[in-house]
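The primary structure of each chain is shown beneath.
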Amino acid sequence: MGGRGTFASGRKVSYTYKTIGKIAGVKVLQKINPKDSAALPEEAHSSKAYILHYSNGTFKQYREFNTNHSAKFDIDYHSEPQISGHHESIYHIHFYNNGIRDKVGRELSPAEYKKYKKYFQRGVK
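Since the model is a prediction, treat every value here as computed from it, not as a measurement.

1. Points about the pairing of strand E6 (residues 89-97)
Consideration 1: Judged from the 7 bridges that link them, strand E5 (residues 71-79) and E6 form a sheet pairing that is antiparallel. Opposite phenylalanine 73, over in E6, you have phenylalanine 95 as the bridge partner.
Consideration 2: Of the pairings in the sheet, the one linking E6 to strand E8 (residues 106-107) comprises 2 bridges and is antiparallel in character. Residue pairing in the sheet places histidine 92 in a bridge with glutamate 107 of E8.
Consideration 3: As paired strands, E6 and strand E7 (residues 100-101) are joined by 2 bridges and run antiparallel to one another. For asparagine 97, the partnering residue across the bridge sits in E7 and is isoleucine 100.

2. A word on the pairing of strand E2 (residues 26-31)
Consideration 1: Judged from the 6 bridges that link them, strand E1 (residues 17-23) and E2 form a sheet pairing that is antiparallel. Bridging from a neighbouring strand, threonine 19 pairs with leucine 29 of E2.
Consideration 2: The hairpin formed by E1 and E2 contains 2 residues between the paired strands, and alanine 24 there has a positive phi angle of roughly 50°.
Consideration 3: Relative to strand E3 (residues 49-53), E2 runs parallel, the two sharing 3 bridges. Residue pairing across strands places leucine 29 opposite leucine 52, the latter belonging to E3.

Calculation criteria
Residues numbered from 1 in each chain as written. Predicted model: local features only at pLDDT ≥ 70, side-chain atom pairs only at ≥ 80, totals over all residues. Heavy atoms only, no water. Pairing = 2+ DSSP bridges. Helix = DSSP H or I, 4+ residues; strand = E, 2+ residues; numbered from the N terminus.

And the structure:
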C-alpha cells in the first residue's frame, strides 16, 4: 500500500505498508520500514478500513474510509487526558472534515464500542 495522496492523484510509488493479517475481514497493516512514522495511510486503494497495532501486538488504531477513498474517522487507543481527564488509555474517535482530523475527538459511545470492539483484539489471523 502506498499512501499520503498517491492513489487519488494517480501517482504510483513504492509501497510503504504491508498486510500482516486480518481481523474480522479488515487488513492489519504494518510499516515496511519500522523507522517510518507508525500512522495508517490517509487513503485506501480498495479497502473500507485498516487496523494498526502497537509493536507488542495490541490495538492502536482503526481507520475507516469514505467511498472516495479518503479517511472518514479514526478510533484510537491511547491516553487522551483532554477527553477522559486521566492518563489511562481509552478508546476514542476522531472525525475527518475535508481531510483534516479533529484534534481532540471524543470517547466512543456504548453503541460505537459495541459495533467496533471486534477490531480491538490482540494479534491477527
